[in-house]
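# Survey of secondary and tertiary structure
Below, each chain spelled out in residue letters.
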Amino acid sequence: MFLKHPVQCNLKAHAGNIGNERGEQLAKDATQHLQRYSHTKLPKPHIKGLLRKRMLEERQTSWKNGDTGRKIFNIMHSVSLRPTNWIREDVTFFSQHGPFPAYLKRFHQSDSNYCSCGGIGTALHCATECILTVFWHKKKPVPNFEQEWLKIVANKLVSKHRIHRIVKLISENRDLFRPP
């Protein structure tokens, strides 16, 4: 089919829906370029592979250039279709979003960012210094090597089990970790 006259459409029927807006843009581009399109039959697996590759490329670009999830990005730089096998406690600890006093203070859910032991109640503090979690402590990372330490902990099963126990303990006993 060859289009002789481009169709002008100023109506924003799908405003706000990214997929529909993208479809409208492609349709508009097709009418403006006046190109002949042929329908070539391609095998479904080939098309699915191309779409999967394109989707992963777009997601990787978004993940790399985004401004959210940076704590997790520093541990996992690339996206994948394979599951990470992370459970809630992993996400809570590595994102540092959870029952930690410093996080609760940041979002005005607590009056203090201090742990009841006297230290600043970050996820790292709870995993390495807090006297209330001493049984599951990990060795504290050397200054300036916290990101490398987090990567190692995220990839070692025994370390992750300790982190799980710490997060569960704090979640189930929040008042115990708040200053008097």
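On a predicted model such as this, the values are computed, not experimentally measured, just so you know. (Residues numbered from 1 in each chain as written. Predicted model: local features only at pLDDT ≥ 70, side-chain atom pairs only at ≥ 80, totals over all residues. Heavy atoms only, no water.)

### As for the overall build of the protein
Here is the rule: Strands are runs of DSSP state E lasting at least two residues, helices are runs of H or I lasting at least four, and both sets are numbered from the N terminus onward. Using a 1.4 Å probe on the protein chains alone, a residue whose accessible area is under 20% of its type maximum counts as buried, one over 50% counts as exposed, and one in between counts as partly exposed. Residue contacts follow a heavy-atom distance rule, with two residues in contact if any of their heavy atoms lie within 4.5 Å. Each accessible area is a Shrake-Rupley result for a 1.4 Å probe, and residues are judged covered by the shown protein chains and nothing else.
Secondary structure summary: the protein contains eight helices and zero strands in total. Reading the helices (α) and strands (β) of the protein from amino to carboxyl end gives α-α-α-α-α-α-α-α. Each of the 180 residues in the protein was classed as buried or not, and the buried ones make up 27%. In the protein, once contacts between residues fewer than 6 apart in sequence are set aside, the share between residues at least 24 apart is 46%. Looking at the protein as shown, the accessible area adds up to about 13,500 Å², and 56% of this sits on carbon and sulfur atoms.

### Some words on the layout of surface pockets
As a reminder, the rule being used: Whether a set of points on the 1 Å grid over the protein atoms alone is a cavity depends on a 1.4 Å probe fitting there but being unable to get out, while an open set qualifies as a pocket with protein on both sides within 12 Å along at least five of seven lines; lining residues are those with an atom within 4 Å of a point. Grid points are joined across faces, edges and corners, and a volume is the space filled by probe spheres set on the points.
Taken as a whole, the second largest pocket spans an internal volume of roughly 200 Å³. Along its surface, the second largest pocket is lined by I75, M76, T84, W86, A154, N155, K156, L157, K160, H161 and H164. Looking at the lining of the second largest pocket, the elements with two or more residues in it are helix 7 (146-155) and helix 8 (157-172).

### Examining the packing of aromatic side chains
Any aromatic ring pair is given by two values, namely how distant the centres are and how the planes are angled relative to each other. Counted only if it meets this: Working definition: rings of Phe, Tyr and Trp (its six-membered ring) pair if their centres are within 6.5 Å, and the pair is stacked with planes under 30 degrees apart, edge-to-face with planes over 60 apart, and tilted otherwise.
Considering all chains together, one arrives at six aromatic pairs under this definition. Seen in terms of ring centroids, F93 and F94 are 5.1 Å apart; in terms of plane orientation they differ by 85°. Their pairing is edge-to-face. One exposure class covers both F93 and F94, and it is buried. Taking the centre distance of 5.6 Å and the plane angle of 85° together, the rings of F135 and W136 count as edge-to-face.

### Looking at the side chain of S159
Under the convention used in this document: Each polar contact in these results corresponds to two N or O atoms within 3.5 Å; when the atoms are within protein, one needs to be able to donate a hydrogen and the other to accept it, and residues that are neighboring in sequence are counted only if both atoms are side-chain atoms.
Take S159: it is sitting in helix 8. Reaching out from S159, the side chain makes a polar contact with the side chain of K138 at a distance of 2.9 Å. Ignoring sequence-local partners within four residues, the contact set of S159 consists of K138 and V153.

### Some words on the pattern of salt bridges
Formally: Just to be clear on terms, a salt bridge is a Lys or Arg side-chain nitrogen sitting within 4 Å of an Asp or Glu carboxyl oxygen.
If you walk through the whole model with that rule in mind, you get three salt bridges. A salt bridge links E58 to R54; its shortest N-O distance comes to 2.7 Å. Within this pair, E58 and its partner R54 are both found in helix 2 (residues 44-65), separated by four residues, close to a single helical turn. Residue class for R54 comes out partly exposed when judged on its relative accessible area of 47%. Between K160 and D90 there is a salt bridge, with its nearest N and O atoms 3.6 Å apart. With a gap of 70 residues between them, K160 in helix 8 and D90 in helix 4 (residues 88-95) connect regions that are remote in the sequence. Neither residue differs from the other here; K160 and D90 are each classed as buried.

### Things to note about the nonpolar core
The cut-off we apply is this: For the purposes of this section, nonpolar cores are sets of buried Ala, Val, Leu, Ile, Met, Phe, Trp, Tyr and Cys residues that join through side-chain atoms within 4.5 Å.
Of all hydrophobic cores here, the largest spans 27 residues; its most connected members are F93, F94, F100 and W149. Counting residues per element, the ones that place at least two in this core are helix 3 (70-73), helix 4, helix 5 (101-106), helix 6 (123-128), helix 7 and helix 8. Look past the residues within four positions of F94 in its chain and what remains in contact with it is K71, I72, I75, W86, L150, V153 and A154.

### Points about the packing of helix 4 against helix 8
How two helices pack is summed up by the angle between their axes together with the distance between the axes. This is how the line gets drawn: As a rule, the C-alpha atoms of each element are fitted with a line to give its axis, helices using only the stretch in contact, and angles between N-to-C directions run from 0 to 180 degrees. Orientation categories follow fixed angle ranges, with anything under 35 degrees roughly parallel, anything over 145 roughly antiparallel, 65 to 115 roughly perpendicular, and all other angles oblique. Side-chain classes follow a simple rule in which Ala, Val, Leu, Ile, Met, Phe, Trp, Tyr, Cys and Pro form the nonpolar group, Asp, Glu, Lys and Arg form the charged group, and the remainder, Gly included, forms the polar group.
Direction vectors running N to C along helix 4 and helix 8 enclose 85°, while the axes themselves pass 9 Å from each other. When the axis of helix 4 is compared with that of helix 8, the two are roughly perpendicular. On the side of helix 4, the interface is formed by E89, D90, T92 and F93, while helix 8 contributes K160, I163, H164, V167 and K168. When grouped by side-chain class, the residues that make up the contact of helix 4 with helix 8 number three nonpolar, two polar and four charged.

### Side note on the confidence of the model for the protein
Short version of the rule: pLDDT: the predictor's confidence for each residue, scored from 0 to 100.
Residues with a pLDDT of 70 or more make up 88% of the protein, whose mean pLDDT is 86. Helix 6 holds the highest mean pLDDT among the elements of the protein, 96, whereas helix 1 (residues 18-33) holds the lowest, 74. Note that pLDDT drops below 50 for residues 1-7; the model gives that stretch ten contacts with residues more than four away or on any other chain.

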